[in-house]
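Chain by chain, the residues:
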Amino acid sequence: MLILFFIFLFGAIIGSFLNVCIYRLPLGESVVRPASHCRACSTPLAWYDNVPLLSYCILRGRCRSCGAPFAFRYFLVEIFTALLAVALVHRFGVTVTALGYFAFGAALIAITFIDLDYQLIPDVISLPGIVTGVFFSLVSPILTVVDSLLGLAAGAGVLLAVAWGYYALTGKEGMGGGDVKLLAMIGAFLGWRSIPFTLLVASSVGSAVGVGIMIRSQADSKLAIPFGPFLSLGALCYLFFGEGLIDWYLNLL
Ligand SMILES: [Zn+2]
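A short tour of the structure in this document, coming up.

Procedures and definitions
Residues numbered from 1 in each chain as written. Predicted model: local features only at pLDDT ≥ 70, side-chain atom pairs only at ≥ 80, totals over all residues. Heavy atoms only, no water. Helix = DSSP H or I, 4+ residues; strand = E, 2+ residues; numbered from the N terminus. Buried < 20%, exposed > 50% of the residue type's maximum accessible area, 1.4 Å probe, protein only. Donors = N, O, S within 2.8 Å, 3.2 Å for Na, K, Ca; no water. Tetrahedral: all angles 85-135°; square planar, octahedral: opposite > 155°, others 65-115°. 1 Å grid on protein atoms, 1.4 Å probe; cavity = no way out; pocket = protein on both sides within 12 Å on 5 of 7 lines; lining within 4 Å. Points joined across faces, edges and corners; volume = space filled by probe spheres on them. Nonpolar A, V, L, I, M, F, W, Y, C, P; charged D, E, K, R; others polar. Salt bridge = Lys/Arg side-chain N within 4 Å of Asp/Glu carboxyl O. Axes fitted to C-alpha atoms, helices over the stretch in contact; angles between N-to-C directions. Parallel < 35°, antiparallel > 145°, perpendicular 65-115°, else oblique. Left-handed = near helix turned anticlockwise from the far one by under 90°. Contact = heavy atoms within 4.5 Å. Expected span 1.5 Å × (residues − 1). Phe/Tyr/Trp six-rings, centres within 6.5 Å; stacked < 30°, edge-to-face > 60°.

**Section: unusual backbone geometry**
For step 1, the next point in the chain: R33 connects to P34 through a cis peptide bond whose omega is -10 degrees.
For step 2, the next point in the chain: For P34, the position within the fold is in the loop between α1 (2–24) and α2 (54–58).
For step 3, the next point in the chain: Located in the positive-phi region is R60, a residue other than glycine, with phi close to 50 degrees.
For step 4, the next point in the chain: Tracing the sequence through the fold places R60 in the loop between α2 and α3 (72–92).
For step 5, the next point in the chain: Note on R60: relative accessible area 73%, which makes it exposed.
For step 6, the next point in the chain: Phi is positive for Q119, which is not a glycine, with a value near 50 degrees.
For step 7, the next point in the chain: Tracing the backbone through its elements, the reader meets Q119 in the loop between α4 (96–118) and α5 (123–139).
For step 8, the next point in the chain: You can call Q119 partly exposed: its relative accessible area is 44%.

Shown next as structure tokens:
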């Protein structure tokens, strides 16, 4: 139990760092300096006001000096990252596999929120992510190097083919290059079998959400809905439930 508590704490601290990345990376700012500060009044946060999860609750989501509200999303990212760390240790134990997939999951969380804000997936996350995925396959017992490389190629290849096909048919660019690199990273970490699964989950959930938004806002179909969050969701589903679901499905046939 104690170990899970420390894992939770570790996850929350990394989540706090992810918040900094999500806010600063797209602006091209350093994620190390300056120290965290209130965006409204620029007062630097004292260490006791910068404790993950706890400070948000104690300060009720407001700046101590000027009272400006902090986005609830900061709290959400911290608790989600903490729960991810606990779930991974529960599934894989305190192993290099759990650590590798935690790095992978943390990258997916940062990508999700940056893509929601800017419709952009930064190369500084996805490209090192691809390389890390291949290195991960060298040290993790549950993924072979061949599987990782096949996953990388399948992830990049499928979306490149879709993008080219869409361009050939419509003369417009439908899919961003960021999505291609993201799916390549997912394949490198999870192996080639994850690619059809991730695409199926991402396109089903993505279309459902897209239709929902269109009905509510009565906007036309050109409304830009980023695909990265749905790919990330599909990848996390595969990580935790994929093997089981695929076995279940194959047994049906
Ligand atoms: Zn303030």
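**Details of the coordination of the zinc ion**
Between any two of four tetrahedral donors, the ideal angle at the metal is 109.5 degrees; between two of six octahedral donors, it is 90 or 180 degrees.
For step 1, the next point in the chain: Coordination of the zinc ion by the protein involves C38 (SG), C41 (SG), C63 (SG) and C66 (SG), with metal-donor separations of 2.3 Å.
For step 2, the next point in the chain: Taken together, the 4 donor atoms coordinating the zinc ion and their angles of 106 to 113 degrees define a geometry best described as tetrahedral.
For step 3, the next point in the chain: Linear spacing of the donor residues for the zinc ion on their chain is C-x2-C-x21-C-x2-C. Note that C38 is positioned in the loop between α1 and α2 and C63 in the loop between α2 and α3, a separation of 25 residues in sequence. You'll find C38 and C63 in the same group, each marked buried.

**Description of the layout of surface pockets**
For step 1, the next point in the chain: Here the second largest pocket defines a volume of roughly 600 Å³.
For step 2, the next point in the chain: Every element with two or more residues in the lining of the second largest pocket is listed here: α1, α2 and α3.
For step 3, the next point in the chain: Looking at the lining of the second largest pocket, its residues break down into 19 nonpolar, 6 polar and 5 charged.

**Examining the pattern of salt bridges**
For step 1, the next point in the chain: Under the counting rule described, the total for this entry stands at 3 salt bridges.
For step 2, the next point in the chain: Among the salt bridges present, the one from R73 reaches D117, with a minimum N-O distance of 3.1 Å. Taken together, the residues span a long stretch of sequence, with R73 in helix α3 and D117 in helix α4 at a distance of 44 residues.
For step 3, the next point in the chain: A salt bridge links D123 to K181; the shortest N-O distance between them is 2.8 Å. Taken together, the residues span a long stretch of sequence, with D123 in helix α5 and K181 in helix α7 (residues 177–190) at a distance of 58 residues.

**Let's talk about the environment of P141**
For step 1, the next point in the chain: Checked against the element boundaries, P141 lands in the loop between α5 and α6 (145–170).
For step 2, the next point in the chain: Here P141 falls in the exposed class, since its relative accessible area comes to 70%.
For step 3, the next point in the chain: Considering only alpha carbons, one finds P141 and I111, 30 residues apart in sequence, at a separation of 27 Å.

**Let's talk about the packing of α4 against α5**
For step 1, the next point in the chain: Axis separation between α4 and α5 bottoms out at 11 Å; the angle between their running directions is 165 degrees. When the interaxial angle is binned, α4 and α5 end up roughly antiparallel. With respect to the hand of their crossing, α4 and α5 are arranged in left-handed fashion. Together, V96, T97, G100, Y101, A107, A110, I111 and I114 of α4 and I125, F136 and V139 of α5 make up the contact between the two elements.

**Some details on α7**
For step 1, the next point in the chain: For α7, spanning 14 residues, the distance from its first C-alpha to its last is 20 Å, which sits close to the expected 20 Å at 1.5 Å a residue.
For step 2, the next point in the chain: Most of α7 sits inside the fold, with 12 of its 14 residues counted as buried.
For step 3, the next point in the chain: For α7, the set of buried residues is G178, D179, V180, L182, L183, A184, M185, I186, G187, A188, F189 and L190.
For step 4, the next point in the chain: Here the buried face of α7 lies against α4, α5, α6, α8 (194–217) and α9 (228–252).

**Quick notes on the packing of aromatic side chains**
For step 1, the next point in the chain: Inspection of the entire model under this criterion finds 14 aromatic pairs.
For step 2, the next point in the chain: Where Y56 meets F75, the ring centres are 5.3 Å apart and the plane angle is 35 degrees; that geometry is what we call tilted. Here F75 lies in helix α3 and Y56 lies in helix α2, a separation of 19 residues in the sequence.
For step 3, the next point in the chain: A relative accessible area of 15% places F75 in the buried class.
For step 4, the next point in the chain: Here the aromatic rings of F136 and F189 are separated by 5.5 Å at their centres, their planes lie at 35 degrees, and the arrangement is tilted. In this pair, F136 is assigned in helix α5 and F189 in helix α7, connecting sequence segments 53 residues apart.

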